[in-house]
Amino acid sequence: TNGFTLTQAAGHTIEGAGQIFASLTNNCTVEANQVQELQLSVNNKTNNGLMRASNGGTLRALANVDIDGTGRWEADGGKIQLDSGVDVTTTGSIKVLNGGELELNTATMTGSNLTVNSSGILDINSGVALSGNFLYSITNEADAVWGATSTLRMNGFNSFLELGGQDFGTDPAN
């Protein structure tokens, strides 16, 4: 709120648990890898690197924080949780892997490709917009929870939706 922005340079990692209050430009890695949450709060952030939850950690964006940039998002054995009013817009990919979870609670996440492997979990109570592909390799439908007002919007050229190996879109290879 004082007009200053913390810029994290390439080759540097912020990891662990706690809160990041400052306006942040991430050009490398922010990783939640502890039992306690790593919270993004108060001021808006820019992610040009990697935002990751791993090792059972939770990366949580608190209410009304906007996060933009070109970076990637990965819930790789951890949880990414976006609270009410959070708006994430990225040209990077979004991945939910190795028992990871993506939870959107009346938040919006816009990205290029969304990949969820067979052990990934989606809990969507809001909207996801993609300019690329949605690859969803789950075998248990209970691992995907879509709230009554949830939306999936795919508006990229040649976007396709694949659920459990079944192609529902315009994959140019099929």
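Conventions and cut-offs
- Per chain, the residues get numbers from 1 upward, laid out in the order the sequence is written.
- With the structure being a predicted model, the display of local features is reserved for residues of pLDDT at least 70 and the display and counting of side-chain atom pairs for 80 or more, all residues being used for whole-chain, interface and lining totals.
- Excluded from the side-chain calculations are hydrogens and water; all other atoms, namely the structure's heavy atoms, are used.
- Only DSSP runs of H or I with at least four residues qualify as helices, and only runs of E with at least two residues qualify as strands; both kinds are numbered from the N terminus onward.
- For every residue, the accessible area obtained with a 1.4 Å probe (protein chains only) is divided by the maximum for its type, and the residue is called buried under 20%, exposed over 50%, and partly exposed between those limits.
- What makes two residues a contact is simply this: any of their non-hydrogen atoms within 4.5 Å.
- Each accessible area value is a Shrake-Rupley result obtained with a 1.4 Å probe; residue values ignore everything except the protein chains displayed when judging cover.
- Salt bridges are identified by distance alone: a Lys or Arg side-chain nitrogen within 4 Å of an Asp or Glu carboxyl oxygen.
- Between any two strands, at least two bridges found by DSSP are needed for them to pair.
- Working definition of a nonpolar core: buried Ala, Val, Leu, Ile, Met, Phe, Trp, Tyr and Cys residues. They are joined through side-chain atoms within 4.5 Å.

Participant: Just to check I follow, could you spell out the overall build of the chain for this structure?
Facilitator: What the chain contains, in helices and strands, is 0 helices and 22 strands. Counting every position in the chain, which comprises 174 residues, the buried fraction comes to 48%. Counted over contacts in the chain with a minimum sequence separation of 6, partners at least 24 positions apart contribute 18%. Summing over all exposed atoms, the chain offers an accessible surface of approximately 8000 Å²; the carbon and sulfur share of this is 49%.

Participant: Any chance you could explain the pattern of salt bridges here in plain terms?
Facilitator: Working definition: two side chains of opposite charge can pair if their charged atoms are close together. Within the structure shown, the criterion is met by 6 salt bridges. Across the pair Arg-60 and Asp-83 runs a salt bridge whose closest N-O atoms are separated by 2.7 Å. Separated by 23 residues along the polypeptide, Arg-60 in strand E9 (residues 58–61) and Asp-83 in the loop between strand E12 (79–82) and strand E13 (87–89) bring together distant segments of the chain. With a shortest N-O distance of 3.2 Å, Arg-72 and Glu-74 are connected by a salt bridge. With relative accessibility at 9%, the residue Glu-74 sits in the buried group. A network of salt bridges, in which partner residues are shared, links Glu-31, Arg-52, Arg-72 and Glu-74.

Participant: Could you clarify how one ought to interpret the pairing of strand E5 (residues 29–32) in this entry?
Facilitator: Within a regular strand, the side chains alternate between the two sheet faces. Burial along E5 is two-sided: Thr-29 and Glu-31 and Val-30 and Ala-32, pointing in opposite directions, are all buried. Here strand E2 (residues 13–16) runs beside E5; their pairing, made up of 4 bridges, is parallel. Its bridge partner lying in E5, Gly-16 is registered against Ala-32. The sheet contact formed by E5 and strand E8 (residues 50–54) spans 4 bridges and is parallel. The residue bridging Ala-32 from the neighbouring strand is Ala-53, located in E8.

Participant: Is there a simple way to think about the environment of Leu-122 in this case?
Facilitator: Its place among the elements puts Leu-122 in strand E17 (residues 121–130). Spatially, the C-alpha atom of Leu-122 lies 5.8 Å from that of Glu-101, the residues being 21 residues apart in sequence.

Participant: When you look at the nonpolar core in this model, what are you seeing that I'm missing?
Facilitator: Judged by nonpolar contacts, the single largest core of 30 residues is most densely connected at Val-30, Leu-59, Trp-73, Ile-80, Leu-82, Leu-102 and Met-109. With 4 residues, strand E15 (residues 101–111) is the single largest residue contributor to this core. When near neighbours in sequence (up to four residues on either side) are disregarded, Leu-59 contacts Val-30, Ala-32, Leu-38, Leu-40, Met-51, Arg-52, Ala-53, Trp-73, Lys-79, Ile-80 and Gln-81.

Participant: Would you mind showing me how to read unusual backbone geometry here?
Facilitator: Note on backbone geometry: most residues besides glycine have negative phi, and most peptide bonds are trans. Here the phi dihedral of Asn-64 falls at roughly 65 degrees; this positive angle occurs in a residue that is not glycine. Inspection of the secondary structure assignment puts Asn-64 in the loop between E9 and strand E10 (66–68). For Asn-64, a relative accessible area of 55% gives the class exposed. Positive phi, normally seen in glycine, also occurs at Asn-98, with a value near 50 degrees. Positionally, Asn-98 belongs in the loop between strand E14 (94–97) and E15.

Participant: Even after reading the chapter, I still don't get the pairing of E12, so can you show me in this structure?
Facilitator: When E9 meets E12, the two strands line up parallel, connected through 4 bridges. When the sheet's bridge partners are listed, Leu-59 is paired in E12 with Ile-80.

Participant: Whenever I open this one, the environment of Gly-71 confuses me. Can you help?
Facilitator: By the secondary structure assignment, Gly-71 is in the loop between E10 and strand E11 (72–76). On the basis of relative accessibility, which here comes to 1%, the residue Gly-71 falls in the buried class. Expressed as a C-alpha distance, the spacing of Gly-71 and Ser-93, which sit 22 residues apart in the sequence, is 7.5 Å. What Gly-71 contacts, discounting residues up to four positions off in sequence, is Asn-47, Asn-48, Gly-49, Thr-90, Gly-92 and Ser-93.

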